[in-house]
Amino acid sequence: MLKYIVYCRKSTDEKNKQLLSIESQIAELKEFAIRERLTIVDIVTESKTAKQPGREKFDQVLEKIEQGTANGILSWHPDRLARNSIDGGRIVYLLDRKLLLDLKFPAFWFQNTPQGKFMLNIAFSQSKYYIDNLSQNVKRGMRQKIRRGEWPGKAPYGYLNNRQNKTIEIDLTKSKIISKAFHLFSTDKYSFTQLSLFMAEQGITKGNGQPVSINQIRRILSNKFYIGILTYKGELHKGNHQCFINKKLFDRVQKVLERKSRARTQGLHFAFFTGLATCGECGAGITAEQHIKYYKGTNRVAKYVYYRCTKKKGVCSQKYLSQTNLVSQLRQTIKSCSLHPNWKPYINTWIKEKMDEEKSKVKAKLKTATNRLSAIDQKLSKLLDLFLEDNLDKSIYQTKQNNLFEQKQKLEEKIKQIQHKGSSWLEPLKEFLRCTILAHKIAHKKSALNELRPILKNIGSNFTLLDKRLFLNLNFAYATLATNGRAACAPKTENDFSLLVTPRGIEPRLPG
Ligand SMILES: [Zn+2]
């Protein structure tokens, strides 16, 4: 017999109002369990984020599954269970070992089949997008502030945040230094570093007392805030703060900046991988370097790009890695976990099948619900007839009528839910598959270094270089494609697709 543990979670970082509170999750799940005739052995609630592994109650649930106290989990949506690939992997691993036999979610389709597990992987790893949406909501409030001409963040150098009336005012001393810095730079005789040192001498530094970085200098000099314009997500808005830099000076500075950046991009366009990876030996960052070699014999100059550990964390024995070598490893990695474009027709067929299945399920559910609704309406009108014909006592009439009304409301709510839910789970799947096919195409292209970077960020994390080899943690859905080794090749038969999405032999990397 299947024994389910109910797991409910809502953490404080989830400000989304559409998310059910823990209490309503419990109520909904209990109702769901009655409807589906599920046996519940335990109810566990937790208010902690699932973005990182390490939740006490969640661990207890998995322990109980290991011990055989329960063999099913009932939760509102996969994102209640896991929003990081490690916890997601642990659940799939329990399914693989048949310790966990079923998962039920009112808001998500799951079947304990290869395809079902694949979908689950996607639901766990795509929650990243969900987190992005969340911060979108917070940003909405900021946008409104900007429309009113107020800057919602920290005041730029030379200005002060007035905490009382929540405005931004000119800092009388520091604004003079910033103004001087603009003037110096506009002469085109100062480098970013010189400017940063000048500002430090005058008393403008980072919070820790260090001179501001070159990138910050660049941002200061190009910040339109200084000429009264607020830039937010590419939109420009007029600010109501006072300015101490005039437009003419600002424009001269922009010209110098442009010239400098042209010179810079010619030298540094290769650094697409830096900032993404760390050294596998010491944990310091990876940096790029260009070496120019002159060949006397052929009178030729060749440029070589190398990646190496910055060694900022102390002694480290790691050697250089050439860009050619690194890029070929990166392309190989992307290829191994992405889909050959020839999979497209098979995938489309499969998705269409699932969509049709889902549609007919929704249709059937809607039919039952609307039938019940009209039955209630009939009862209501009969009741009214009885009352009007004086065959019913007023108090009895009212109780019965209220009761029916309540049922009707619940049913209407349910119909709305069914219509809304539909085949929503297929959309993230389609998007995921579209991305992996695109990734595969880009990995094969010769000259697209800057296109590799966003793909890399999507497929995995913890990029490290160790002894000239690249290591990373693939996100779970990509890891599923990679383990089979079949995804990157053209498919042979239609059945291949279900084999492809079978998450076989992946053991999750446990923390610690
Ligand atoms: Zn190192």
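Residues numbered from 1 in each chain as written. Predicted model: local features only at pLDDT ≥ 70, side-chain atom pairs only at ≥ 80, totals over all residues. Heavy atoms only, no water.

## A short note on the pattern of salt bridges
Right, so step 1: Per the counting criterion, the structure on display carries 13 salt bridges.
Right, so step 2: The salt bridge partner of Glu66 is Arg97, with a shortest N-O separation of 2.9 Å. A residue pair is termed long-range when its members are at least 10 positions apart, and Glu66 in helix H2 (residues 56–67) and Arg97 in the loop between helix H4 (85–96) and strand E4 (102–104) qualify at 31 residues.
Right, so step 3: Glu66 sits in the partly exposed class, given a relative accessible area of 42%.
Right, so step 4: Arg97 gets classed as partly exposed once you look at its relative accessible area, which sits at 36%. (Salt bridge = Lys/Arg side-chain N within 4 Å of Asp/Glu carboxyl O. Helix = DSSP H or I, 4+ residues; strand = E, 2+ residues; numbered from the N terminus. Buried < 20%, exposed > 50% of the residue type's maximum accessible area, 1.4 Å probe, protein only.)

## A look at the coordination of the zinc ion
Right, so step 1: The coordination sphere of the zinc ion, as far as protein atoms go, consists of Cys279 (SG), Cys282 (SG), Cys309 (SG) and Cys316 (SG), spread over 2.3 Å.
Right, so step 2: Site description for the zinc ion: donor spacing in sequence, C-x2-C-x26-C-x6-C. Of this pair, Cys282 sits in the loop between strand E9 (277–279) and strand E10 (286–295) while Cys316 is found in the loop between strand E11 (300–309) and strand E12 (321–322), placing the two residues 34 residues apart along the sequence.
Right, so step 3: Note on Cys282: relative accessible area 18%, which makes it buried.
Right, so step 4: Residue Cys316 is classed as buried on the basis of its relative accessible area, which comes to 10%. (Donors = N, O, S within 2.8 Å, 3.2 Å for Na, K, Ca; no water.)

## With respect to the environment of Leu373
Right, so step 1: Structurally, Leu373 can be placed in helix H12 (residues 344–388).
Right, so step 2: Along the primary structure Leu373 and Ile415 are separated by 42 residues, whereas in three dimensions their C-alpha atoms are 9.7 Å apart.
Right, so step 3: Beyond its immediate chain neighbours, meaning those up to four positions away, Leu373 contacts Lys408, Leu411, Glu412 and Ile415. (Contact = heavy atoms within 4.5 Å.)

## Digging into the packing of aromatic side chains
Right, so step 1: If you walk through the whole model with that rule in mind, you get 11 aromatic pairs.
Right, so step 2: Geometrically, the ring pair formed by Tyr159 and Phe244 is tilted, given 5.2 Å between the ring centres and 40° between the ring planes. One end of the pair, Tyr159, is in strand E5 (residues 159–162); the other, Phe244, is in the loop between strand E8 (235–238) and helix H10 (247–268), and 85 residues separate them in sequence.
Right, so step 3: For the ring pair Tyr306 and Tyr320, a centre distance of 5.5 Å and an interplane angle of 75° mean the geometry is edge-to-face. Placement of the pair is Tyr306 in strand E11 and Tyr320 in the loop between E11 and E12, with a sequence separation of 14 residues.
Right, so step 4: Judged by its relative accessible area of 36%, Tyr320 is partly exposed.
Right, so step 5: Site record: aromatic cluster; members linked through ring pairs are Trp151, Tyr159, Phe182, Phe225, Tyr226, Phe244 and Phe250.
Right, so step 6: The lysine or arginine in question, Arg55, covers the ring of Phe58, its NZ or CZ lying 4.1 Å from the ring centre.
Right, so step 7: The ring of Phe192 carries the charged tip of Arg218 above its face, separated from the ring centre by 4.8 Å. (Phe/Tyr/Trp six-rings, centres within 6.5 Å; stacked < 30°, edge-to-face > 60°. Lys NZ or Arg CZ within 6 Å of the ring centre and 35° of its normal.)

## Notes on unusual backbone geometry
Excluding glycine, a negative phi dihedral is what most residues carry, and trans is how most peptide bonds are arranged.
Right, so step 1: Here the phi dihedral of Lys98 falls at roughly 60°; this positive angle occurs in a residue that is not glycine.
Right, so step 2: Counting through the fold element by element, Lys98 comes out in the loop between H4 and E4.
Right, so step 3: In this structure, Lys468 is a non-glycine residue whose phi angle is positive, near 65°.
Right, so step 4: Position of Lys468 among the secondary structure elements: in the loop between strand E13 (460–466) and strand E14 (469–474).
Right, so step 5: Judged by its relative accessible area of 44%, Lys468 falls in the partly exposed class.

## Let's talk about the sheet that holds E13
Right, so step 1: Read across the sheet, three strands follow the order E9-E13-E14 without closing on themselves; strand pairing throughout is mixed. The open sheet has two edge strands, E9 and E14, and neither has a second partner. Ignoring which end each strand starts from, the neighbouring axes of this sheet average 25° apart.
Right, so step 2: Running at roughly 30° to E14, helix H11 (residues 323–336) makes contact with E13 and E14 of the sheet. (Pairing = 2+ DSSP bridges. Axes fitted to C-alpha atoms, helices over the stretch in contact; angles between N-to-C directions.)

## Here we look at a nonpolar patch on the surface
Right, so step 1: A cluster of nonpolar residues, Ile292, Tyr294 and Val301, forms a patch on the protein surface that exposes about 330 Å² of accessible area.
Right, so step 2: Along the chain, Ile292 falls in strand E10. (Patch = residues over 30% accessible without salt bridge, like charges linked within 9 Å, V, L, I, M, F, W, Y side chains within 5 Å. Areas by Shrake-Rupley, 256 points an atom, 1.4 Å probe, with all protein chains shown as cover.)

## Regarding helix H8 (residues 192–202)
Right, so step 1: Along H8, the residues classified as buried are Phe192, Leu195, Ser196, Phe198 and Met199. For H8, the buried positions fall inside an angular range of 160° around the axis, keeping them on one side. (Arc of directions from axis to C-beta.)

## Looking at the side chain of Thr436
Right, so step 1: Inspection of the secondary structure puts Thr436 in helix H14 (residues 426–444).
Right, so step 2: The buried category is assigned to Thr436, whose relative accessible area is 0%.
Right, so step 3: A distance of 3.1 Å separates a polar side-chain atom of Thr436 from the backbone oxygen of Leu433.
Right, so step 4: Setting aside its immediate chain neighbours within four residues, Thr436 contacts Ser338, Leu339, Tyr478 and Leu481. (Polar contact = N/O pair within 3.5 Å; in protein donor to acceptor, adjacent residues only side chain to side chain.)

Any functional reading would require information beyond the geometric quantities listed.
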